[in-house]
Amino acid sequence: MISYALFGVLALVAIAPIAVALSASPNAISVVYGACLIVTLILFLLALETLFSHPAASTVTLPLGLPWLGAHFRIDPLSAFFLVTVNLGGAAASLFALGYGRHEEAPQRVLPFFPVYLAAMNLVVLADDAFTFLVSWEFMSLSSWALVIANHRVQENMRAGYVYLLMASFGTLTLLLAFGLLGGGDGAYAFDAIRAAHPEIGTAALVLILALIGAGSKAGLVPLHAWLPLAHPAAPSHVSALMSGVMTKVAVYGFIRITFDLLGSPQWWWSLVVLGVGGVTAVMGVLYALMQSDLKRVLAYSTIENIGLIFASLGLALAFKAYGMDAAAALALTAALLHVFNHALFKSLLFFGAGSVRAATGTRDMEQLGGLIHRMPQTAFVFLVGCTAISALPPLNGFVSEWLSFQAILLSPQLPSWGLKLMVPAVGALLALSAALAGACFVRAFGITFLGRPRSSAAETAQETDTNSLAAMYALAAACLIAGVLPGLFIDTLAPVVQQLTGGRLPVQTGAEWMSIVPIAESRSSYTGMLVFAFMFITGMITAFAIHRLASDKIRRGPAWGCGYPDASPLTQYSASSFAQPIRRVFGSLVFRAREIGEMPPPGSSAPAKLTVQVRDLIWDALYAPIATAVGFIAVRLNYLQFLTIRSYLTLVFAALVILLMVLATWP
Amino acid sequence: MQGLTFDIAHMLAGSLVLVSFMQLYQDRLSALLNMFALHAFVLAASVAWQAYAQDAPHLYITALIALVFKAIIIPLALRRIVIRLGIHREIENVFGVGLAMLLGIGLVALSMVVMLRVTSGADPLAREDLAFALSVVLLGLLMMVTRRNAVSQVVGFMSLENGLVLAATGAKGMPLVVEISIAFSVLIAFIVIGIFLFRIRERFDTVDVQAMDRFRGEKR
């Protein structure tokens, strides 16, 4: 099984040189994305087959990499599940790009890196030793960096790429240290050897923190998220979808692999850290998202929110696992994994929608959009499905995973530790707050972009996007619905993964009546997506029938009430910023030091009144700006060394040599 | 006999360090060049004694190279350069003699401490040789740092290289080809530096490196 997967990865890598060779040809886009689509679909089916048949983990060792180590690869239920996620996202992105790729300014700068990026993400999931893992991880970072700066003439993209590269190197450094601690002094870097060795409590805690920083910086945990809202929107939209929908999940995989698999049995207080970071990330992510007016940046910040939710569930799973409550741990971990899968689906869908809007109108600024539901009805429909799913509304898939998370949170009173008893409900409150704010955020994103009247001529003349892009979006929307209506099937498929990591599993769901899911016991709670969907569908049909048949089936259009103004320009509509104003006033004044400065002209003056909004990013100001200033200051000081005389250089070398010799002489 | 062999090797290597010290306080260029010739001559003698002591005939070739190139050709050529540049009577001194000597003594002590600690367990002859060689290298560097005349810096560089050769011959079994290539690379370095000296002289009317610093618009 593993060797087939590796052949698939090899095929993806082999597409890259073909892309370079074909770069001048007009067919390059179809050939490259078509090939990527086929290979990722094959890999997807392969992984799905592994997940369903759950055979024993299959491994292979190739004579690559470190000479005494070789390159170990392994496929077990956990990696099979993440392979499914990665390749489903990859296949959808390839299909979307078959159409969207034609709108690219410089496709030859995207085509060679796209298959390599897919291959790298597959390799991270397949790697079975620290060296291969880190090399693949870095490979993934570098290829995505190349894709971020594909449109390099925009200054903003270059800055995004720079910040991304710095943060990616920092993250890999911490992972390197984590694996160094795990591998110990003997260099036992194969995951089998790490699993067999049980690190001491102090070392394990340090590894956990390092892994949280390393994987968290890739996934976008606050306060390491700074690069994410810059880099994800800067890339072409199908790559943004991969970065947000899939690569953050690969980071989650890294964290799960280290903490649940390699690190042995957890301590209860580890979960405090993970829970706290997850809860804060969820709320901060969605608050940031509400302050943005760039559609893709809204989506990127919403990714941060969802990562926060996933990490909070993972923290909960750690807590339950530490106390040996296997069933509860299985529930929390199932919730996290299901949300990983669901988020990959709807975030890819939403980024595709944003990409279609960008291709049709040439802008991502919501203040320039509006009324697109008339020009792009199909895109608007699938985007609405994505918004509903990500806002966790039944009967779609987002609801299922968030509901499971909250079911796990409701089990927290059974935890023996008081710290966790107090912490988990607090995190639950944060998650509930973020879920509500996410709803507001996506009402805003959909409403301002697709409803109302066009705010610019570009939005007025937009055209519906092409068939391939629509096919990709419809496929993902359908997957969102299926995962929402038949969650039991997905939970049962995840059972071997959860069993591998926590030792427990959820009750078998597929036999339940009405396809409902019962996470703990029938008496406690259950959810039937099928019934909810059937009820909504039937009542919706009856209502539509009643209105159109029993009343009148004419569409009537009347003038909108313009608040008493004689000529209501589209600019008098709610804007993205005015929609967010109540939330900005409630939360923003504290979190972002948001201030509104109203400027009224004196009576008699014909100057317009102005309302200026100032929003500050306190995390950037407090954490990143001082580091940047310090580095800049030191660099300016060291610059002096560039202009010394020859003798000064000789003296420096001489002094360095003498000092080193003195250290050697006095070394104990 | 073992004792005497060791003593003579020790004495020759020690003399090399002593000559390095003598180079440090020469403030006239022609005297410095004489000292350099002596330095190379002592090196040749030391290498020859090593050849005898280790019963390694190829080291005689090394000694011959040192004698011919370093003790005769390079000093003569440098002397010609100095005379053609008209700076053979120039006096230069950056540090006081006392301070330079004190620094040199400190360096020799340092290299003794380091080498005797690091090479414990090695052949005593090689240990002493390495300690002295490191002293010679450090003294050569000290000379390059303290002098401001380009010719004296060249001499410092060459005596530093002598220290390397001493270290190399002390370690048994160094292939001849390495030794010859070092000798030739030093010769080429010497040629290049010689050409540069004239170019510098043409442009600045002096080989005082301070003039170049002034030309770059910097104050020291």
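Residues numbered from 1 in each chain as written. Chains lettered and ligands numbered in written order. Predicted model: local features only at pLDDT ≥ 70, side-chain atom pairs only at ≥ 80, totals over all residues. Heavy atoms only, no water.

## Quick look at the overall build of chain A
Secondary structure summary: chain A contains 25 helices and 4 strands in total. Taken over the C-alpha atoms alone, chain A extends approximately 95 × 70 × 60 Å along its principal axes. For chain A, the residues scored as buried account for 55% of the 668 residues in total. Sequence separation of 24 or more characterises 79% of the internal contacts of chain A that already satisfy a separation of 6 or more. Carbon and sulfur atoms make up 68% of the accessible area of chain A, which amounts to about 28000 Å² in all. Taking the average place of the 34 positive charges on the side chains of chain A and the average place of its 30 negative ones, the gap between the two points comes to 8 Å. (Helix = DSSP H or I, 4+ residues; strand = E, 2+ residues; numbered from the N terminus. Buried < 20%, exposed > 50% of the residue type's maximum accessible area, 1.4 Å probe, protein only. Contact = heavy atoms within 4.5 Å. Areas by Shrake-Rupley, 256 points an atom, 1.4 Å probe, with all protein chains shown as cover. Lys, Arg positive; Asp, Glu negative; His and termini not counted. Charge placed at Lys NZ, Arg CZ, Asp CG, Glu CD.)

## Brief notes about a nonpolar patch on the surface
Residues and elements named next belong to chain A. Together, F633, I634, L638, Y640, L641, Y649 and L652 make up a nonpolar patch on the protein surface, roughly 710 Å² of accessible area in all. Those elements giving two or more residues to the nonpolar patch turn out to be α24 (618-639) and α25 (646-666). Top contributing element to the nonpolar patch by residue count: α24, with 3 residues. Here F633 is to be found in helix α24. (Patch = residues over 30% accessible without salt bridge, like charges linked within 9 Å, V, L, I, M, F, W, Y side chains within 5 Å. Salt bridge = Lys/Arg side-chain N within 4 Å of Asp/Glu carboxyl O.)

## Quick word on the interface of chain B and chain A
Taken residue by residue, the interface counts 22 residues in chain B and 15 residues in chain A. With both sides pooled, the region where chain B packs onto chain A buries about 1600 Å², and carbon together with sulfur makes up 70% of that total. Looking only at chain B, the three residues that lose the most surface to chain A are L110, R117 and V145 of chain B, adding up to 31% of its buried area. Counting the contacts that link chain B with chain A gives 0 salt bridges. One can count 1 residue pair in polar contact (both at pLDDT 80 or more) joining chain B with chain A. In terms of residues, the side of chain B that touches chain A owes the most to one element, helix α5 (residues 124-146) of chain B, which gives 7 residues. For the side of chain B that touches chain A, a count of residues per class yields 13 nonpolar, 2 polar and 7 charged. (Buried area = accessible area lost by both parts, 1.4 Å probe. Polar contact = N/O pair within 3.5 Å; in protein donor to acceptor, adjacent residues only side chain to side chain. Nonpolar A, V, L, I, M, F, W, Y, C, P; charged D, E, K, R; others polar.)

## Thoughts on unusual backbone geometry
Residue and element names in this part refer to chain A. Here the residue pair V222 and P223 is connected by a cis peptide bond, since its omega of 5 degrees sits within 30 degrees of zero. On the secondary structure map, P223 appears in the loop between α8 (201-219) and α9 (228-234). Following P394, the chain continues to P395 via a peptide bond in cis, the omega torsion being 5 degrees. Tracing the backbone through its elements, the reader meets P395 in the loop between α15 (377-390) and α16 (397-410). One non-glycine residue, R593, lies in positive phi territory at about 50 degrees.

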